[in-house]
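Geometric and topological summary
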Amino acid sequence: GDSVTQMEGPVTLSEEACLTINCTYTATGYPSLFWYVQYPGEGLQLLLKATKADDKGSNKGFEATYRKETTSFHLEKGSVQVSDSAVYFCALSDYGNKLVFGAGTILRVKS
Amino acid sequence: EAQVTQNPRYLITVTGKKLTVTCSQNMNHEYMSWYRQDPGLGLRQIYYSMNVEVTDKGDVPEGYKVSRKEKRNFPLILESPSPNQTSLYFCASRQTTGSGANVLTFGAGSRLTVL
């Protein structure tokens with residue numbers, strides 16, 4: 001079945017450092033790909049998405065590119081802030097629009 | 001404000017005592033779903049509903065029940081809770097057509113502890 005694998009955390013960075021969170025997927029079809037973010041004490045919210053190969057999703061300085069050849073959707077940000085501290089989930093949506101989530105990666109940004 | 005509302009946000013209960021976690025959305029979404037979040041496992045789907053009176057099992061339905069009598073409400077029922085149901089639960093909803101058809105809106109979560 002479909003699955004998503006993302007790097008284990010926690011990832012701890014200093015403010016203004018560069019961020020990459022790796023995400024790879026396995027799917028039988030051509031899924032849409034997502035990054036959701038969960039801030040402390042809150043539910044998940046959509047951060048960005050890409051619906052086809054080579055699409056780049058971007059939001060709040062974060063970006064991720066849908067790479068079909070490597071089945072990847074890595075999340076990147078050039079300069080993180082303390083307010084970016086959260087749990088980040090990579091997810092895919094295939095036939096029937098069912099979402100399959102990765103295990104989540106905790107990001108901690110220190111000032 | 002468009003939102004998904006869950007209650008209670010926190011609950012401690014004992015084994016075998018029936019409980020219900022309510023979920024309500026004000027976006028007229030057809031699709032609603034329940035997930036549980038456990039460390040290292042991400043979110044796993046418990047049950048989902050494509051519309052009123054239409055419900056189906058997700059990946060981990062054992063020990064749970066749901067109902068969808070109205071479009072806006074999708075309660076999660078634990079008839080006889082057990083300690084392995086201690087978890088963080090999320091309700092979510094989305095459209096079934098259009099550009100929003102694969103984007104979920106989540107509630108704030110309900111943290112359940114079963115002793």
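Look up a bit, the structure's there.
Turning our attention to the overall build of chain A. When helices and strands are tallied, chain A shows zero helices and 12 strands. In chain A, the succession of helices and strands from N to C terminus is β-β-β-β-β-β-β-β-β-β-β-β. Over its C-alpha atoms chain A spans a radius of gyration of 13 Å, differing by no more than 12% from the 13 Å that the globule rule assigns to 111 residues. When its C-alpha atoms are laid out on the principal axes, chain A stretches across 40 × 25 × 20 Å.

In this section: the nonpolar core. Residue and element names in this part refer to chain A. Membership of the largest hydrophobic core comes to 26 residues, with the highest contact counts inside it found for Leu-19, Trp-35, Leu-47, Leu-48, Phe-73, Leu-75 and Tyr-88. Of all the secondary-structure elements, those providing two or more residues to this core are strand E2 (11–14), strand E3 (19–21), strand E4 (23–26), strand E5 (32–38), strand E6 (44–50), strand E8 (62–65), strand E10 (86–93) and strand E12 (105–110). Looking at which element gives the most residues to this core, the answer is E10, with four residues. In contact with Leu-48, other than residues within four places in its own chain, are Leu-33, Phe-34, Trp-35, Gly-57, Ser-58, Asn-59, Phe-62, Glu-63, Ala-64, Phe-73 and Leu-75.

Residues and elements named next belong to chain A. In this structure the tally under the stated criterion is two disulfides over all chains. A sulfur-sulfur distance of 1.9 Å marks the disulfide that ties Cys-23 to Cys-90. With the S-S dihedral at roughly -70°, the linkage between Cys-23 and Cys-90 falls on the left-handed side. Linking Cys-23 in strand E4 with Cys-90 in strand E10, this pair joins segments that are 67 residues apart in sequence.

Moving on, we get to the interface of chain B and chain A. On the chain A side, the residues contacting the 20 residues of chain B number 19 residues. Carbon and sulfur atoms supply 51% of the area that chain B and chain A bury against each other, a total of about 1400 Å² over both sides. The largest per-residue losses of area from chain B upon contact with chain A belong to Leu-43, Asn-102 and Phe-106 of chain B, which jointly make up 35% of the total buried on that side. Our count for the chain B to chain A interface comes out at zero salt bridges. The tally of links from chain B across to chain A stands at three residue pairs in polar contact (both at pLDDT 80 or more). For the side of chain B that touches chain A, the residue count by class is 10 nonpolar, seven polar and three charged.

Before going further, it helps to examine the pattern of salt bridges. Residue and element names in this part refer to chain A. Taken as a whole and judged by the stated rule, the model has six salt bridges over all chains. In this structure, the salt-bridge partner of Lys-52 is Asp-55, at a minimum N-O distance of 3.3 Å. For the salt bridge of Lys-77 with Asp-84, the shortest nitrogen-to-oxygen distance reads 2.7 Å. Overall, Asp-84 belongs to the buried group, its relative accessible area being 6%.

So, how was this worked out
- Residues numbered from 1 in each chain as written.
- Chains lettered and ligands numbered in written order.
- Predicted model: local features only at pLDDT ≥ 70, side-chain atom pairs only at ≥ 80, totals over all residues.
- Heavy atoms only, no water.
- Helix = DSSP H or I, 4+ residues; strand = E, 2+ residues; numbered from the N terminus.
- Rg over C-alpha atoms; globule rule 2.2 N^0.38 Å.
- Core = buried A, V, L, I, M, F, W, Y, C linked by side-chain atoms within 4.5 Å.
- Buried < 20%, exposed > 50% of the residue type's maximum accessible area, 1.4 Å probe, protein only.
- Contact = heavy atoms within 4.5 Å.
- Disulfide = S-S within 2.5 Å.
- Buried area = accessible area lost by both parts, 1.4 Å probe.
- Salt bridge = Lys/Arg side-chain N within 4 Å of Asp/Glu carboxyl O.
- Polar contact = N/O pair within 3.5 Å; in protein donor to acceptor, adjacent residues only side chain to side chain.
- Nonpolar A, V, L, I, M, F, W, Y, C, P; charged D, E, K, R; others polar.

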